[in-house]
Amino acid sequence: LIISTPSFTLLYAMDEISEPELSLKILGHQWFWSYEISDFNSCQKNEQSLKYVCYMMVLDGLPKTKQGYFRLLETNKRVILPTNTHLRLLVSAADVLHSWTVPSFGLKVDACPGRLNQLNLFIKRVGVFFGQCSEICGVNHGFMPIVVVSLPTLQFHHYVMTKL
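Computed from a predicted model, the values in this text were never measured in an experiment. Throughout this document, residue positions are counted from 1 along each chain, in the order its sequence is written. Restriction of local features to residues with pLDDT of at least 70 applies here, the model being predicted, together with a cutoff of 80 or more for giving and counting side-chain atom pairs; totals for whole chains, interfaces and linings are based on all residues. Note: side-chain values were computed over all heavy atoms of the structure, leaving out hydrogens and water.

Draft legend 1. Highlighting the pattern of salt bridges. Here, a salt bridge means any side-chain nitrogen of Lys or Arg that lies within 4 Å of a carboxyl oxygen of Asp or Glu. Scanning the model with the defined rule gives one salt bridge in all. Between arginine 78 and glutamate 74 there is a salt bridge, with its nearest N and O atoms 3.0 Å apart. We call a residue buried when its accessible area falls under 20% of the maximum for its residue type, exposed when it is over 50%, and partly exposed in between, using a 1.4 Å probe and counting protein chains only. Residue glutamate 74 is classed as buried on the basis of its relative accessible area, which comes to 2%.

Put into structure tokens, the structure is as follows:
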């Protein structure tokens, strides 16, 4: 009983439900990720969501000014998320099993077709975080990188207002 107490405490803390300020929908495709953030209330436009698709970036043809990226880990677009904000990640897949994994966050969640997995995230520091699909989802599963950039909340809101 004494040995199990820390485990029960950790399991309870992991499943703690908080009211998220932002939801990120993540959809795994063969072999790329698509993202959507649609929690914006504004009177400017009808379509209030950020949608984008992230493919692995081929570094062979990049000019010298763009070099310095990590090979096989860089994407054409990066996921921008705010710091010090409760986030909800909704993860699913369109075709085969995938696994959305960012080791720096301690996150690994399976993306299954027809199933919606949810997890909570609270990013405490600004930075660039890399991950990959860690499920054997086919020939190119190693070519599904994930890049998350965390910005201070004010910079994130400015970014969102310029994109909407």
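Draft legend 2. Just the environment of glutamate 36, in detail. Among the structural elements, glutamate 36 can be located in strand S2 (residues 32-37). Along the chain, glutamate 36 and tyrosine 52 lie 16 residues apart, while their C-alpha atoms are 6.7 Å from each other. Those residues in contact with glutamate 36 that sit more than four places away from it in its chain are Ser23, Leu24, Lys25, Ser49, Leu50 and Lys51. Counting from the N terminus, the helices are the DSSP runs of H or I reaching at least four residues and the strands are the DSSP runs of E reaching at least two. Whether two residues touch is decided by their heavy atoms; if any such pair falls within 4.5 Å, the residues are in contact.

Draft legend 3. Fine view of the packing of aromatic side chains. Pairing of aromatic side chains requires ring centres within 6.5 Å, counting the rings of Phe and Tyr and the six-membered ring of Trp. Pairs whose planes differ by under 30 degrees are stacked, by over 60 edge-to-face, and all others tilted. Tallying each qualifying case throughout the model produces three aromatic pairs. Between the aromatic rings of phenylalanine 32 and tyrosine 55, the centroid separation amounts to 4.7 Å while the plane-to-plane angle is 40 degrees, which identifies the pairing as tilted. Highlighted residues: phenylalanine 32 in strand S2 and tyrosine 55 in the loop between strand S3 (50-54) and strand S4 (79-82), separated in sequence by 23 residues. The class of phenylalanine 32 is buried, set by a relative accessible area of 17%.

Draft legend 4. Spatial organisation of the sheet that holds strand S5 (residues 86-93). Between any two strands, at least two bridges found by DSSP are needed for them to pair. Overall, mixed pairing links the five strands, which are arranged S3-S2-S1-S5-S8 in an open sheet. Since the sheet does not close on itself, it has two edges, and those belong to S3 and strand S8 (117-122), each with one partner. Neighbour to neighbour, the strand axes of the sheet diverge by 20 degrees on average, direction disregarded. The sheet contact formed by S5 and S8 spans six bridges and is antiparallel. Across the sheet, residue arginine 88 finds its bridge partner in S8, namely asparagine 120. To get an axis, a line is fitted to the C-alpha atoms, and for a helix only the part in contact is used. The angle between two axes follows their N-to-C directions and goes from 0 to 180 degrees.

These figures capture arrangement, not role.
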